[in-house]
Every structure is written in structure tokens, then in C-alpha cells.
Amino acid sequence: MIGLGFDKFLSRFVKHKAAVLCLFFVLAVIAGGIFAPWLAPNDPNKIELKLKLLGPGGQFPLGTDHLGRCILSRLLYGTRISLGSAFLVMSFSLTIGTAVGIFSAYRGGRIDNLLMRLCDIFLSFPSLVLVLVIIGVLGSGMVNVIIGMILVQWLWYVRIIRSLVLSIKERTFVSAAKVAGTSDMKIIFRHILPNVLPQLIVLSTLDLGSLILHFSGYSFLGFGVQPPTPEWGAMIEEGRRFIRSAPELMFYPGMLITLIVISFNLIGDALRDVLDESVT
Amino acid sequence: MIKEKVMDVEGLCVSLLHRQREISVVRDVSFCLEEGKVLGLIGESGCGKSITCLSLLGLLEKDRWKVEGSVRLKGKELPYLNREKIRRLRGSSVAMVMQNPISSFNPLLTVGQHFTETIRTHKEVTRREAGQIAVEMLLKLNLSEPEKVMGQYPFQLSGGMLQRVMIAIALFMCPHVLIADEPTTSLDVTVQYQILKELAELRDHYRTAMLLVSHDLGVIAQMADEVAVMYGGYVVEQAPSREIFCNPMHPYTRGLMKSRPAFTKDRLNVLEGYPPSLMKRSRGCPFYERCRCARKDCLEFDMKETGATGGHSVRCLLYAGEEEVKMDACS
Ligand SMILES: Nc1ncnc2c1ncn2[C@@H]1O[C@H](COP(=O)(O)OP(=O)(O)OP(=O)(O)O)[C@@H](O)[C@H]1O
Ligand SMILES: [Mg+2]
């Protein structure tokens, strides 16, 4: 993507129509979250039992939930937490994973071996179990779930980034830079990092979807966001009790999560195609 | 003119650490490079030429390779244990030109970025000054339109041009020693000779000592003042260029000279067989299996130098002791 030039990259990406559509959808949702205070028609937490379980229309475009809160407003505010936490987990775990992965691969030797065995041990557990253990130690709550997810997620990135760096490190131009006396830092930042960046972008886009899903999952299980904070997973959980009388309580947030996850996957796939094309 | 020793390599041994075993790749190699002179290093693929070059630069990773021996630059031992010091020497005092110019450049950076990066590693200059130095160097290597070249990406240039750029990058600090590991192997013949010509001119101009690695006898004949022939990790024969081409002593060198294509109708003599694999290297002469005049005691031979007369040294039992042998008998 960097070697490709931005306009060329764009013209190739635009060919993937579905991905472009998804990109607009994701951007719209993100904008909705950012501008929620202006866009939301009502206070997301204002309980008005008289107005519970209203159908769509009027003051409440998507109706109200079992406590009479505006569903649309809750969805908009929920975006901030659901997407925000996923981005947070992604950026922290990716940064830590990249730093450690590059260090490990570049240094090699005993430290590298030790780190990889450590990763092996932790990655042999399903990540759900690991996060639950961490939550068990730290207690539940949104911040702890985020910390738990970061602690587990970065291990995956260390692995992947290490293998990416190992393959770049063996390329002749890295030896050529070493031969010319270039310092390790410069080699890492000018030669190695830019060459793994495209793969990192694809990887993180694909993973964002699953992070959103996971985070909502923890809220659904009752570990993450505590009521009355609006969050998609928590909203599904609250709506669960009214699945017969008011299925839309689960439908709206569920649909949103599904669409977002699909969107991130399609965008990631398209990015990968575009970048692969540029390699071959 | 007084000959000045620039680099002095003595008893260089390199072994690969593999599953608690040490596999020796370069064995007891000694040579010295003189100011303004070219030492040609020749030998079959896999005999350890590139590893020798990399070990001189201190570029072999310590946890995979064991390097012994002494390398002195202008009389001073090279500080291989100090990563930072040896890094500063690379590219400034000891420079190297790599075999494959096209893959030696990062596809994401322009030629200019490569050049200025290296200049700014070794000299405290601004980006602009570095650019000027680069353009001057490129002009010296007969690259037309250096400004345009500086802004181009590696894939926009030909192999020959990239090799010139790499030589320019290697030489801007006027290094004492230039190591050229098969600098022309991947280029076509006309470009190859232009580049060799330029290398020769630059060597005269900067009085750089050069180690030229090649498996092309023609290149060596054209460029080298002295030739070292390598086989199975040993330098089996070393002599001034003329001497080695007129009077090769080691059976391997002779085979090599004979397998050189000439414009005659005779059939080409080819060295039979393959060099022994790394894992199988044992005591005795590594050339034993392919040698026409092999004897039993060759397997016990410790590969010490056997004859060294008039700067012509060789490691072969044929020349051991008083048996100043009937060379023609087995050639
Ligand atoms: N990174 C490495 N790991 C393991 N073995 C290696 C490595 N690099 C080289 N070798 C081995 O060391 C031996 C010497 O290799 P070297 O690259 O020095 O050969 P060479 O003489 O330069 O050959 P060529 O003419 O093909 O370049 C070879 O047998 C090779 O298999
Ligand atoms: Mg080689």
C-alpha cells in the first residue's frame, strides 16, 4: 500500500463494491457514535415506565425498551462503547504485540525462544477461558474486560508479527542495510516495519470484527458493561427476557453487531486482495 | 611503490552451530589485502566464500556461528565483540557490495533514500548535503541524470544501474577495504565488463584494497593481482595471479583451469563429482574423492601448507617434503 501509491490503491479498492459499501456503513456507524449527543433524539438512560415497549414512530424512531428508554439513542451511545473498546483493545494489543514481536524476531536466540514458549503455553488455552480467568482475578467491569482482552490478544500478535518479521529479516535488502552499517533502530523502522505494515492493516481490520463480537459477548454474559450503561451486548442481554413479546429489543443490537462484523471482514478481505495484487 | 597491508586475516575459522554440533564452514583461512590491490577469491558454490566475507564484517549471528581467528585492519584488531563499534566500521572502513543488486534495495524506498540513509549513518550532514554527496558519487560512476535516479524506486532501474548505485554507496566514505561478493554475477556480460572497469578505476583512484569474490575465472584473470582458490572451506592454493594461471599446482586448481571454456574444438574438461556436503566434512583433504592423484595418506592429511615458494602456497600432499613430485605424472 505504501509502495503502491495512494491513488492506485484507491482505484483498486473501489473495484470491490461490497467492501466500499461496508466501509460507508462502518463510517456511518462510527460517526453515529461520535456525534451521538447531537444525533440521539432522547437521553439514553432516562427511564419512563409509562412509555415502555412502544413501537417505532414519533418521539422514538425505533421504539422503547422494557424501561421506556429510547432504543435508537441507546444504540447510538452504545456504539461508543462497543466500537471504542474494540479499537482500544486493538491499538494496545497491536502496539505491544508489534514491539515485542519485532524485538523477539530481530534479536533471536534465547530471549526469542523463551518468549515463544511462553506464547505457546498461553495460546494453548481458548482465549475466552483466559479472559474469564483474568476477569475472575480482577473482578468484572468494562475496564477489566478490556484489560483482560488486551492481555490475551497481544500474544496472538506477537506470534504473527514475529513470523512476518522473520521473513522480512532474511531478505537481502536487510543484509545490505546491515552491511552499510545502518543501525538496528533504523533497520527496524525504515526497512522492517513499513514492509510488515500492509499485512498488519489487513490483520487488524479482520480482527476488529471479532473483537467487537467478543466484547459484546462478555457484556452479554454480564462481565463487561454494567447496566444501565448502553452497550450492544448488554442490550441483547436485557432484551432476552422479552424475546417473545418484543423480539426487536434483541433484533436491533444483534443486527448491528452482525452487520459490523461482516463489514470489517469484507473490508479486510478486500484490503488483502488489493495488497496481494500489488505484490504479484 | 611500497606495499601496505590494509587488512590482515589470520587463521580464520567459522563453524555453524547446529544441534550441539559444530560444522566447520571456513577453515584456517589466512590472507592479507594490500592497498590498491585486488585479491581474487575463487571456488565452487558452497565452499564458504560468502561466509568468509560476512565474517570479516562481523555479520554472522553469534548464536548460530562460531568465528575464530584474527582480523586486523591497519594493524588494529577489529572489535567484533562491540556491536556498536563494528557497526560504525561497516560501510565506512570496510564496505561491501552484494551479489544481487535488485534484491539488495528495499522496494519501498527510493534510491536517494537508501543513499542518504547510509551517508547520514556515517557522516553528520543534513539531508541536503547528503543528497549532494550522493549525486557527486553517482556521477563518478557514470550514471547519467543522477538527480532523476535519486528519485526513482529500485524496480524502475536496471540491475547494472543498481549495482553502480550500490558501488557508489559502498565507496563514498573512501573505505580502506572493499569486499565485492560476486558483484557482477547477476548482470549480463557487457554490463559486467563496464562495472569491472569502473571498479578498477575506483580502486586506482581511492587506492582501496579489494577482496573480489567470483566463480568466473575470466573476471578474476582480468581484475585480480593475487588469487586464492578455495575448496571445502580451505584456501587450497594462493599465488599471484599470473603464477596461478600459468603454473597451477593444486589438482583442484588445475581441474578448474581445464574446465574453463576456450575457443578450441577440444572437448571441455569437466571436474567430475560434487564437493562433499557440509555435514560429511571430516579429517583429511576435502578434495580426496574427486582428486586424480589421491593417495591413502591424503585421508590423514591435516591440510597444513605444504609448499610455499615465492609467494605461491599450496595445501596438498603432492608437494609435501622432498617429494618435489613429477607434477605431470598425474595431471
Ligand atoms: N545461513 C546459513 N545457514 C546454514 N548454512 C549456511 C548458511 N549460509 C551458508 N551456509 C552454508 O555454508 C556453506 C558456505 O556457504 P557460502 O554462502 O559461503 O558459499 P559460497 O562459496 O558463497 O557459494 P556461492 O558461490 O553459491 O555464493 C554452504 O555449504 C552453505 O550451505
Ligand atoms: Mg556466495
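The rules behind the values
- Residues numbered from 1 in each chain as written.
- Chains lettered and ligands numbered in written order.
- Predicted model: local features only at pLDDT ≥ 70, side-chain atom pairs only at ≥ 80, totals over all residues.
- Heavy atoms only, no water.
- Helix = DSSP H or I, 4+ residues; strand = E, 2+ residues; numbered from the N terminus.
- Contact = heavy atoms within 4.5 Å.
- Areas by Shrake-Rupley, 256 points an atom, 1.4 Å probe, with all protein chains shown as cover.
- Pairing = 2+ DSSP bridges.
- Axes fitted to C-alpha atoms, helices over the stretch in contact; angles between N-to-C directions.
- Near = heavy atom within 4 Å.
- Polar contact = N/O pair within 3.5 Å; in protein donor to acceptor, adjacent residues only side chain to side chain.
- Disulfide = S-S within 2.5 Å.
- Buried < 20%, exposed > 50% of the residue type's maximum accessible area, 1.4 Å probe, protein only.
- 1 Å grid on protein atoms, 1.4 Å probe; cavity = no way out; pocket = protein on both sides within 12 Å on 5 of 7 lines; lining within 4 Å.
- Points joined across faces, edges and corners; volume = space filled by probe spheres on them.
- Core = buried A, V, L, I, M, F, W, Y, C linked by side-chain atoms within 4.5 Å.
- Buried area = accessible area lost by both parts, 1.4 Å probe.
- Salt bridge = Lys/Arg side-chain N within 4 Å of Asp/Glu carboxyl O.
- Nonpolar A, V, L, I, M, F, W, Y, C, P; charged D, E, K, R; others polar.

**Some remarks on the overall build of chain A**
- When its secondary structure is counted, chain A shows 11 helices and 0 strands.
- What you see in chain A, going N to C, is helices and strands ordered as α-α-α-α-α-α-α-α-α-α-α.
- Over its C-alpha atoms, taken along the principal directions, chain A stretches across nearly 75 × 50 × 30 Å.
- Put simply, of all contacts in chain A between residues at least 6 apart along the chain, 70% involve residues at least 24 apart.
- Surface exposure of chain A reaches about 13,600 Å², of which carbon and sulfur atoms provide 69%.

**Description of the sheet that holds strand E2 (residues 21-34) of chain B**
Residues and elements named next belong to chain B.
- With antiparallel pairing, 4 strands are arranged side by side in an open sheet as E2-E1-E4-E5. With one partner strand each, in any of the chains shown, E2 and strand E5 (76-77) form the two edges of the open sheet.
- Here strand E4 (residues 65-73) pairs with E5 via 2 bridges, running antiparallel. Opposite Arg-72, over in E5, you have Glu-77 as the bridge partner.
- Where helix H1 (residues 49-56) meets the sheet, its contacts fall on strand E1 (5-18), E2 and E4, and the angle it forms with E1 comes to roughly 115°.

**A short note on the site of ligand 1**
Residues and elements named next belong to chain B.
- Residues in contact with ligand 1 amount to 15 residues; listed here are only the nearest, Ser-45, Gly-46, Lys-49, Ser-50 and Ile-51.
- In this structure, an oxygen atom belonging to ligand 1 sits 3.3 Å away from a main-chain N or O atom of Cys-47.
- Take Lys-49: an N or O atom from its side chain is 2.8 Å from an oxygen atom of ligand 1.
- Protein chains bury 68% of the 630 Å² of accessible surface belonging to ligand 1 in isolation.
- No other element matches H1, which puts 3 residues into the shell around ligand 1.

**Section: the state of the cysteines**
Residues and elements named next belong to chain B.
- Under the counting rule described, the total for this entry stands at 0 disulfides over all chains.
- Counting only cysteine sulfurs, Cys-53 is the nearest neighbor of Cys-47, a cysteine outside any disulfide, at a range of 10 Å.
- Note on Cys-47: relative accessible area 3%, which makes it buried.

**Some remarks on the side chain of Ser-214 of chain B**
Residue and element names in this part refer to chain B.
- If you trace the backbone, Ser-214 turns up in strand E8 (residues 209-214).
- You can call Ser-214 buried: its relative accessible area is 4%.
- A distance of 2.9 Å separates a polar side-chain atom of Ser-214 from the backbone nitrogen of Asp-216.
- Excluding residues that lie within four positions of it along the chain, Ser-214 makes contacts with Leu-41, Ile-42, Gly-43, Lys-49, Glu-182, Val-219 and Ile-220.

**Observations regarding empty space enclosed by the protein**
- Here the structure, examined in full by the defined rule, presents 3 cavities of 30 Å³ or more.
- The calculated volume of the largest cavity comes to roughly 230 Å³.
- Considering the residues around the largest cavity, the lining is formed by 18 residues, among which Ala-176, Ala-177 and Ala-180 of chain A together with Thr-118 and Ile-169 of chain B are closest to the centre.
- Taken together, the elements giving at least two residues each to the lining of the largest cavity come down to helix H8 (172-179) of chain A together with strand E6 (94-97), helix H3 (111-122) and helix H6 (159-171) of chain B.
- Take the lining of the largest cavity: its biggest share by element is 4 residues, from H8 of chain A.
- The volume enclosed by the second largest cavity comes to roughly 70 Å³.
- Secondary-structure elements contributing two or more residues to the lining of the second largest cavity are helix H4 (71-107) and helix H10 (232-239) of chain A.
- Take the lining of the second largest cavity: its biggest share by element is 3 residues, from H10 of chain A.

**Some points on the nonpolar core**
- Counting residues in hydrophobic clusters, the biggest one holds 108 residues, and the most contacted among them are Met-7, Leu-56, Phe-115, Ile-179 and Leu-211 of chain B.
- Considering each element in turn, this core owes the most residues, 8 residues, to H6 of chain B.
- Those residues within four positions of Phe-115 of chain B in sequence are excluded, and the remaining contacts are Ala-134, Met-137, Leu-138, Ala-168, Ile-169 and Phe-172 of chain B.
- Ala-86, Tyr-106, Ile-212 and Ala-270 of chain A belong to the second-largest nonpolar core, a separate cluster that totals 64 residues.

**Here's the deal with the environment of Val-149 of chain B**
- Position of Val-149 of chain B relative to the elements: it lies in helix H5 (residues 146-150).
- Setting aside residues up to four positions removed in sequence, Val-149 of chain B forms contacts with Val-111, Leu-138, Ser-144, Leu-157, Met-161 and Val-165 of chain B.

**Quick word on the interface of chain A and chain B**
- At the junction of the two partners, chain A supplies 22 residues and chain B supplies 24 residues.
- When the two sides are added together, the surface that chain A and chain B hide from each other amounts to roughly 2,000 Å², 53% of it contributed by carbon and sulfur.
- Run the count over chain A and chain B and you get 2 salt bridges.
- Here Glu-117 of chain B ties to Arg-190 of chain A by a salt bridge, and the two come within 3.2 Å at their closest N and O atoms.
- Where chain A packs against chain B, one counts 14 residue pairs in polar contact (both at pLDDT 80 or more).
- Residues belonging to the side of chain A that touches chain B are distributed by class as follows: 5 nonpolar, 10 polar and 7 charged.

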